[in-house]
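# Secondary and tertiary structure notes
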Amino acid sequence: MDYKYSEIEPKWQKYWREHHTYRCSNNSPKPHFYVLDMFPYPSGAGLHVGHPLGYIASDIFSRYKRLRGFNVLHPMGYDAYGLPAEQYAIQTGQHPAITTEKNIARYREQLDKIGFSFDWEREVRTCDPSYYRWTQWVFIQLFNHYYDKDLDKAMPISHLMELLEKGEVECGGGKPWADMDEGERRDYLMNYRLAYLADIPVNWCPELGTVLANDEVVNGLSVRGGYPVERRLMRQWSLRISAYAQRLVDGLEEVDWTDSLKEIQRNWIGRSEGAAIWFPLAVDQKSNMLPAMQCQMGQMEPIAEPSFEIFTTRPDTVFGVTFMVLCPEHEMIAQITTPGQKAEVEAYVAWAKNRSERERKAEVKKVSGVFTGAFAVNPITGDRIPIWVSDYVLAGYGTGAIMAVPAHDSRDFAFARHFHLPIRQVVAPEPDAVSDPDTWTESMDAKTGYSVNSGFVTGMRVKEAMKAVIDRVEAMGIGYRTVNYRLRDAIFSRQRYWGEPFPIYYKGNRPYTLPEECLPLELPEVGDFKPTANGEPPLGNAAKWAWDEANRRVVETSKIDNSTIFPLELSTMPGFAGSSGYYLRYMDPLNDNAYFSPEAVAYWQNVDLYVGGAEHGTGHLIYARFWNKFLFDLGLTAKQEPFQKLVNQGMIQGRSNFVYRSKEDNNLFVSKNIPGREQNTVPIHVDINIVDNDILDIEKFRQWRPEFAEARFELEDGRYVCGWEVEKMSKSMFNVQNPDDLVARYGADTLRLYEMFLGPVEQAKPWDTKGIEGVFRFLKKLWKLFENRTDAPADKAALKSLHQTIKKVTDDIERFSFNTSVSNFMVCVNELSALGAVSSEVLDKLAVIISPFAPHIAEELYHQLGHDGSVCDAEWPTYDPQLLVEDTFAYPVSFNGKLRLTLTLPAGIGQEEAVAAVKADPIGQKWLDGKEPKRVIFVPKKIINVVI
RNA sequence: GCUCUGGUGGUGGAAUGGUAGACACGAGGGACUUAAAAUCCCUUGUCCGCAAGGACGUGUGGGUUCAAGUCCCACCCGGAGUACCA
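What comes next is a walk through the structure. None of these values were measured; they are calculated from a predicted model.

### Thoughts on the environment of Gly 173
- As for its position among the elements, Gly 173 is in the loop between helix H6 (157-166) and helix H7 (182-189).
- Given the relative accessible area of 37%, Gly 173 is considered partly exposed.
- In sequence terms Gly 173 and Thr 618 are 445 residues apart; their C-alpha atoms lie 34 Å from each other.
- Contact partners of Gly 173, with chain neighbours within four places excluded, come to Met 180 and Tyr 188.

Now the structure itself:
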């Protein structure tokens, strides 16, 4: 009988479903193991072959762990809220709930065909009220907590209020806490809440009435419509993720991720150590408009306002400061600008304000700026230095003001050159060498070397000088040692429909949270879910979107009276809200009383293995870690880090094929390797489904599109050879491979094996079906091997092959190298086939070890061998080391007076045995040439040297 | 610019410091067949040679080692992340 995958696969899929084979319990004496995939966006395009790559890898690992006796949690769900789902709905003109439902059904159908071992009873969907109820719940907790820097954890806001009440925390609100009324207190607390409402600069398009992402704006105009976009402060919800910056850096030490991904996160968080120093404003006698102030060297009291706080990572270079630069948004600009410079400064600030991020980034090389007319005092040297404004200083980083050290910072240098400002060298490679100005640029940004021309730190190494300056600054009370992070708080509002509603209503313009018991706050129906033109988010169209505080329910918008019935928040949460904590919900997905039970999290702890793309390095993986750490502070999660080990699967790129159309004759197509083809033709994308191994199916090509019906060809060796290129997989390039087609043609097991065989999981690679036949052949051979089996006891050769394979495959799986596992199976089957009829005893174990990779055929064969239960409940076989003793092997290594032979031998072997082994080895015999080995040198491990 | 990765046949890719190129594809040859499909067998890094055999080979140049694709140093080229971040 032939290998009929089309009968076997549905049969066992049905069996697994009916027997709940993959159901996973939270009560098990077995050790736990949690394997998680990044859940997909159910987009309208369905799955392509790139999606299942990571799923197959994690499925193999889950099945393997199960066979090793673990209770494995391996769930799946859908990240169904967010922009892609909404965009698709808008394009097709259907309600996002309907399209999402349809897309999920399609994904599920495709996933089921591949034979994954997901426990579907734990499925979660981020757009399901029973799920987003808990997303909203976490938001309320974030709103009601602040980050206590002394305790270094999140604490209830009520705790902060107590501290303020007792005066243990100083109130910086401009007014003592005791004198504030209820509203003022709430406003003040907003500066502390982990979820807070604040004015944030955004790309606002008045015409479209929405905030746009940076990539939706080009040259100050919206991509869609070409309307002007301005940067504007808008009230938005944000998460104070920056409070966790240090813990997010530290936590990377504890997890088993790739160095590159850890590095991506470290760069993103951007920790830099340095100092904050106040530079006081100098008195300007001419204008006499500025408050007089004192600044003397060595003054011990903090210097009175006004002064500028700057941040620097190089306090040692303070002696080289020749000017200061403020960002255009700096609040003190108007205050300090002299009348003579006023017009110029205002024009510059206005110009800078209207520049988009994009323009600013594109014109990095261009130096621009303006002098304010004001001067500051270098608090260390007492020098008077001019204050400039320039947009190379960013408002969002540090304090938006810098001390410029043009000799040792490339940007300050360019600025100084452009505006003819002085440049003073303060760092040199040698303590006494003061190099000539032209060489400064070479040692620019140098963190090694010595301080020169630098007062009390002259002659010190840079590191010592940094410490000495900070110490002095702290002693003088004009600054302090500090750490800065690049990580910004996460903007959490979206003026969109398809997302989680905020559990927030507004009383007197101040946000209040809904009572927790009233969750979920369900997404209302609206007449029109598209972004609105009148500036309001789509929820502004909802007829029923007001909060009746007394009766604790949602009521008609028209009833808002601002005394008992209040407006609800109109924006929705962003895509990452629902995906930040979904892994926790899988632990206890049906719980109606809590996000998850303490018992569930105590059992599962955290995710042992997380598989997904590295493109989430600066998004989801940061947010989820933040989310988890916050819940940890609340005592809800068991571990600080949510994802212990993380494997990034490489992206599968498309491999496009081209035909070459003659420039003169539109119906003539020239094969790739015909001389002159490059000059005389233009490449055209051709559907990869009508090309086999780069050979074009001419008939199918003619039928493909009407315009090619009359196509003629210039062939080589009677065939048309297509060109190819690696590109993104996309419909427009006709290089999309749909997994269903491959399942139909070769079966799911072949697809699974082939996706693994393609190369290392972590590596990006183009999709190419070239080798799939080889994998298919392998399964047919495997099938045949079982058909020809015998019940006689196993012979030694077969056992050796089996045990070698068990060892290799076990090692391969443990180090996540599935491509070599597949190769090792192929070797094993080839070896066994060559031996003739193989004992069932051997095949029994072979079926088990191959089942994680090709579960359907393994299940079938396992049953054919007479087992009742599923192969999924079998036990992973162990190997017998006795069977694996390696053959003696000798080879010559050098001739320098003496010949050495190196042998690979089992460990623990003695002198005589080694000599005997050399004599027995064919190569050894040849090199000994009848002589006796003189000496055996043992080196560590199993290698020994024999000197002849 | 900085950081991280990687560079091995015609192709995808194997190699705890120990016979480089496993396994697979492709290609060439052969068997079976009226023929095709399917299946099976042989060859396949490069160069020299009829052959036996030999020489050279993991981006380049050095180094460590009895032994280097693997470790160290410098450089070249690709891929990714990030960037007026002070």
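### Thoughts on H6
- Inspection of H6 places Ile 157, Leu 160, Leu 163 and Leu 164 among the buried residues, and these make up the whole buried set. What you see down the axis of H6 is that its buried residues fit within an arc of 110 degrees, all on one side. The exposed residues of H6 that point more than 90 degrees off its buried face are Glu 165 and Lys 166.
- Looking at the packing, one finds that the buried side of H6 touches strand S3 (145-148), strand S4 (153-156) and H7.
- Downstream of H6 by a residue or two, Gly 167 has a phi angle that is positive, lying close to 80 degrees.

### Remarks on the sheet that holds strand S15 (residues 401-404)
- Taken in spatial order, the 4 strands line up as S13-S14-S12-S15 in an open sheet, and their pairing is mixed. Edge positions in the sheet fall to strand S13 (370-377) and S15, since each has one partner strand and no second. Taken pair by pair, the neighbouring strands of this sheet meet at an average axis angle of 30 degrees, ignoring direction.
- Where strand S12 (residues 323-326) and S15 come together, 4 bridges link them in antiparallel fashion. Each bridged residue has a counterpart across the sheet, and for Leu 326 the counterpart in S15 is Ala 401.
- Lying over the sheet, helix H11 (residues 342-354) contacts S13 and strand S14 (384-389), oriented at roughly 105 degrees with respect to S13.

### Comments concerning the pattern of salt bridges
- The final tally for this structure, using the stated rule, is 39 salt bridges.
- We note a salt bridge from Arg 235 to Asp 199, for which the minimum N-O separation is 3.6 Å. Of this pair, Arg 235 sits in strand S9 (residues 230-239) while Asp 199 sits in strand S5 (residues 195-205); the two residues are 36 residues apart in sequence, bridging distant segments of the chain.
- Overall, the relative accessible area of 45% leaves Asp 199 in the partly exposed class.
- A salt bridge links Asp 383 to Arg 424, with the nearest nitrogen and oxygen atoms 3.4 Å apart. Of this pair, Asp 383 sits in the loop between S13 and S14 while Arg 424 sits in the loop between helix H13 (410-419) and strand S16 (427-428), and the two are 41 residues apart along the sequence.
- Judged by its relative accessible area of 26%, Asp 383 is partly exposed.
- Through salt bridges with shared partners, a single ionic network connects Lys 467, Asp 471, Glu 474 and Arg 481.

### Comments concerning the sheet that holds strand S25 (residues 607-612)
- One open sheet accounts for 4 strands, arranged S2-S1-S25-S26; its pairing is parallel. Of all the strands in the sheet, just strand S2 (71-73) and strand S26 (643-648) have a single pairing partner and so form its edges. Averaged over neighbouring strand pairs, the angle between their axes works out to 20 degrees when direction is ignored.
- The sheet contact formed by strand S1 (residues 32-37) and S25 spans 3 bridges and is parallel. Within S25, the position partnered with Leu 36 by the bridge is Tyr 610.
- Across the sheet, helix H18 (residues 620-633) lies against S25 and S26, angled at about 170 degrees from S26, the strand it touches most.

### Thoughts on the nonpolar core
- One finds Tyr 582, Phe 818 and Leu 846 to be the most contacted residues of the largest nonpolar core, which totals 174 residues.
- Counting 38 residues, the second-largest nonpolar core is a separate cluster that includes Met 324, Ile 333, Ala 376 and Ile 478.

### Side note on the side chain of Ser 307
- With respect to the helices and strands, the residue Ser 307 is situated in strand S11 (residues 307-312).
- On the basis of relative accessibility, which here comes to 11%, the residue Ser 307 falls in the buried class.

### Overview of the packing of helix H21 (residues 739-746) against helix H22 (residues 748-757)
- Interhelical geometry of H21 versus H22 gives an angle of 120 degrees and a closest axis separation of 7 Å. One way to sum up the angle between H21 and H22 is to call them oblique. Between H21, through Pro 739, Leu 742, Val 743 and Tyr 746, and H22, the contact on the second element is made entirely by Ala 748, Thr 750 and Leu 751.
- Counted by class, the contact of H21 with H22 contains 6 nonpolar, 1 polar and no charged residues.

Quick notes on the rules
Residues numbered from 1 in each chain as written. Chains lettered and ligands numbered in written order. Predicted model: local features only at pLDDT ≥ 70, side-chain atom pairs only at ≥ 80, totals over all residues. Heavy atoms only, no water. Helix = DSSP H or I, 4+ residues; strand = E, 2+ residues; numbered from the N terminus. Buried < 20%, exposed > 50% of the residue type's maximum accessible area, 1.4 Å probe, protein only. Contact = heavy atoms within 4.5 Å. Arc of directions from axis to C-beta. Pairing = 2+ DSSP bridges. Axes fitted to C-alpha atoms, helices over the stretch in contact; angles between N-to-C directions. Salt bridge = Lys/Arg side-chain N within 4 Å of Asp/Glu carboxyl O. Core = buried A, V, L, I, M, F, W, Y, C linked by side-chain atoms within 4.5 Å. Parallel < 35°, antiparallel > 145°, perpendicular 65-115°, else oblique. Nonpolar A, V, L, I, M, F, W, Y, C, P; charged D, E, K, R; others polar.

Keep in mind that these numbers describe shape and distance, not what the molecule does.
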